[in-house]
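Summary of structural features
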Amino acid sequence: MTDFIPFALPDIGDAEIEAVVSTLRSGWLTTGPNAAALEREFVEAMHPSAHVGAAQVQAVAVNSATAGLHLALEALGVGPGDEVLVPTWTFTATAEVVRYLGATPVLVDVHPDTLNIDLARAAEAVTPRTKAIMPVHFAGLPVPRGALADFAAAHGLRVIEDAAHSHPVDSEGMPVGLGTSDAVVFSFYATKTMTSGEGGMVVSADPQLIARMRTMRLHGISRDVFNRYTSTAPSWHYEVVAPGFKYNLTDVAASMARVQLTRSVAMRERRSAIADHYDSALAGLPLRLPSRPAPGTQHAWHLYALRLTDDAPMGRDDFIQRMSDAGVGCSVHFIPLHHHPYWRDLRGADAPALPVADAQFARAVSIPIFSSMTDAQIERVGQTVRAVLEGRS
Ligand SMILES: *Cc1c(COP(=O)(O)O)cnc(C)c1O
């Protein structure tokens, strides 16, 4: 039996290990110089000088994307009675943060090609209570920024992008993170495209939003109020202005993320080469392969998400079992939110059907795509998919 190829593995090298060890030796473990440097470098990596309006862009390091999404919604004033448009094709974190604030996520169906939120369906879901939309760039393929901005303007909505899958990529010629959305949130979770174990980043060009998120990230302690008094106040003095959260990123994690950031384009290019290999290795099989980005837009290839077609000789669950028996780990992204008991009950029995997500879920399977895969592993994954679908494995 050959070695099992896991579905995902982080790509951690000696430089990350040395950075963490050096932080441990420094004596400063929690939020400090490394987190501050990561915030600066994260914005710099988006080439701000090349883009209009990018000068004001700032980043707030947090201990997860979930925390970042929560902070962004809180800073925008989302609260009880508000509705927020969320694709049903996502991880529960995107919607749960809306509930943290007592608001209601309204689940929207996705486009069958991209599995991204379908803006035509989103338009039908808008009500006078709708306050914001939270698009997810599924698998790393951006929701087209122009269409998204037009949609938000037409309906007067705030936009918080869930970019947990999509660092670092361009959308219509400009990096995801820059542009007209109120906030863009990235994840550094262990399986994501760059990692600090747990961590995340919120990016915004709105200075008031940034200030509120910085305050709420750490117990509602206001640095602005604090600074106003630092010339006269004693060094132990600080002011609490709100019941904030504990969402700060440690320097241990930030030092790992700083190294990952320098490698993030190379890691994306490796995943992109894996996707190219799969596209040709899997051609002609009863599969719908992932959509390709339009010119000017990139794919982060966080996931390589396939759909079995009607002429596949087996169902999705059977396919995943056979892949596992042949030594390849697969997964499913995502179980639509409205299939989970909590979200099903919250929507109620009369909620509109989400037929595209229902149909695509039955066929969806993600195969391994991570930058530390060897050439031999990549080839074996492609050959195993073919062997399973041709009844040879
Ligand atoms: C992973 C993920 C999140 C949450 O990221 P964390 O950093 O683990 O909080 C949110 N949205 C999507 C789409 C994700 O895949």
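Residues numbered from 1 in each chain as written. Predicted model: local features only at pLDDT ≥ 70, side-chain atom pairs only at ≥ 80, totals over all residues. Heavy atoms only, no water.

Section: the overall build of the protein chain
- Broken down by element type, the protein chain carries 13 helices and 12 strands.
- Computed over C-alpha atoms, the radius of gyration of the protein chain comes to 22 Å, within 12% of the 21 Å expected from 2.2 N^0.38 for 393 residues, which places it in the range of a compact globule.
- Based on the C-alpha atoms only, the size of the protein chain along its principal axes is roughly 75 × 55 × 40 Å.
- For the protein chain, the exposed area adds up to about 16800 Å²; of that, 55% sits on carbon and sulfur atoms.
- Placing the 31 positive and 41 negative side-chain charges of the protein chain at their respective mean positions leaves the two points 3 Å apart. (Helix = DSSP H or I, 4+ residues; strand = E, 2+ residues; numbered from the N terminus. Rg over C-alpha atoms; globule rule 2.2 N^0.38 Å. Areas by Shrake-Rupley, 256 points an atom, 1.4 Å probe, with all protein chains shown as cover. Lys, Arg positive; Asp, Glu negative; His and termini not counted. Charge placed at Lys NZ, Arg CZ, Asp CG, Glu CD.)

Notes on the pattern of salt bridges
- For the structure on display, the rule yields 18 salt bridges.
- The partner of Arg 158 in a salt bridge is Asp 182, with the nearest N and O atoms 2.7 Å apart. Here the residue Arg 158 occupies a position in strand 5 (residues 158–162), and Asp 182 occupies one in the loop between strand 7 (174–175) and strand 8 (183–187), the gap between them amounting to 24 residues.
- Overlapping salt bridges, with partners in common, bring together Asp 11, Glu 16 and Arg 263 in one network. (Salt bridge = Lys/Arg side-chain N within 4 Å of Asp/Glu carboxyl O.)

A short note on the packing of aromatic side chains
- Summed over all chains, the structure comprises eight aromatic pairs.
- Centre to centre, the rings of Phe 245 and Tyr 247 are 5.1 Å apart; their planes meet at 20°, and the pair counts as stacked.
- Residue classification places Phe 245 among the partly exposed residues on the basis of a relative accessible area of 21%.
- Since its relative accessible area comes to 16%, Tyr 247 is described here as buried.
- Taken together, the aromatic side chains of Phe 42, Phe 186 and Phe 188 make up a single cluster linked through ring pairs. (Phe/Tyr/Trp six-rings, centres within 6.5 Å; stacked < 30°, edge-to-face > 60°. Buried < 20%, exposed > 50% of the residue type's maximum accessible area, 1.4 Å probe, protein only.)

Let's talk about the site of the ligand
- Taken together, 16 residues lie around the ligand, and Thr 66, Asp 162, His 165, Ser 187 and Lys 192 are the ones closest in.
- Side-chain polar atom of Lys 192 to an oxygen atom of the ligand: 3.0 Å apart, as the coordinates give it.
- Protein burial of the ligand: of its 390 Å² of free accessible surface, 92% is covered by the chains.
- Those elements giving two or more residues to the shell around the ligand turn out to be helix 3 (65–75) and helix 4 (92–100).
- Grouping the constituent residues of the shell around the ligand by class yields seven nonpolar, seven polar and two charged. (Near = heavy atom within 4 Å. Polar contact = N/O pair within 3.5 Å; in protein donor to acceptor, adjacent residues only side chain to side chain. Nonpolar A, V, L, I, M, F, W, Y, C, P; charged D, E, K, R; others polar.)

Things to note about the nonpolar core
- Counting 33 residues, the largest nonpolar core has Leu 73, Val 84, Val 98, Met 134 and Ile 160 as its most contacted members.
- Listing elements by their share of this core, those giving two or more residues are strand 1 (58–62), helix 3, strand 2 (83–87), helix 4, strand 8 and helix 7 (207–217).
- Considering each element in turn, this core owes the most residues, six residues, to helix 3.
- The two domains that each donate at least three residues to this core are domain 1 (14–262) and domain 2 (264–389).
- In this structure Leu 73 touches Val 78, Val 97, Val 98, Leu 101, Met 134 and Ile 160, once residues within four positions along its chain are discounted.
- Of all hydrophobic cores here, the second largest spans 28 residues; its members include Ala 312, Ile 320, Ile 369 and Leu 389. (Core = buried A, V, L, I, M, F, W, Y, C linked by side-chain atoms within 4.5 Å. Domains from an automatic or database assignment. Contact = heavy atoms within 4.5 Å.)

A short note on the sheet that holds strand 1
- Read across the open sheet, the seven strands follow the order 1-9-8-5-4-2-3; overall the sheet is mixed. Looking along the sheet, the strands with just one partner apiece sit at the ends: strand 1 and strand 3 (104–108). On average, each strand axis in the sheet is tilted by 25° relative to the strand beside it, whichever way the strands run.
- As paired elements, strand 2 and strand 4 (residues 130–133) share three bridges and run parallel to each other. Within strand 4, the position partnered with Glu 83 by the bridge is Thr 130. (Pairing = 2+ DSSP bridges. Axes fitted to C-alpha atoms, helices over the stretch in contact; angles between N-to-C directions.)

What to know about the domain arrangement of the protein chain
- Domain boundaries assigned for the protein chain yield domain 1 (14–262) and domain 2 (264–389).
- In this structure, domain 1 and domain 2 have C-alpha centres spaced 26 Å apart.
- Facing 40 residues of domain 1, the contacting portion of domain 2 comprises 36 residues.
- Taking both sides of the interface into account, the surface hidden between domain 1 and domain 2 amounts to around 3000 Å²; carbon and sulfur atoms contribute 63%.
- Considering only the side of domain 1, the residues that lose the most area to domain 2 are Trp 89, Leu 107 and Asp 109, jointly responsible for 19% of the buried surface there.
- The interface formed by domain 1 and domain 2 contains one salt bridge.
- Between Arg 288 and Asp 113 there is a salt bridge; the shortest N-O distance is 2.8 Å.
- Connecting domain 1 to domain 2 are 21 residue pairs in polar contact (both at pLDDT 80 or more).
- Put simply, the parts of the chain that give the side of domain 1 that touches domain 2 at least two residues each are helix 4, strand 3, strand 6 (170–171) and helix 9 (251–281).
- Element by element, the count of residues in the side of domain 1 that touches domain 2 is highest for helix 4, at four residues.
- The residue makeup of the side of domain 1 that touches domain 2, split by class, is 18 nonpolar, 15 polar and seven charged. (Buried area = accessible area lost by both parts, 1.4 Å probe.)

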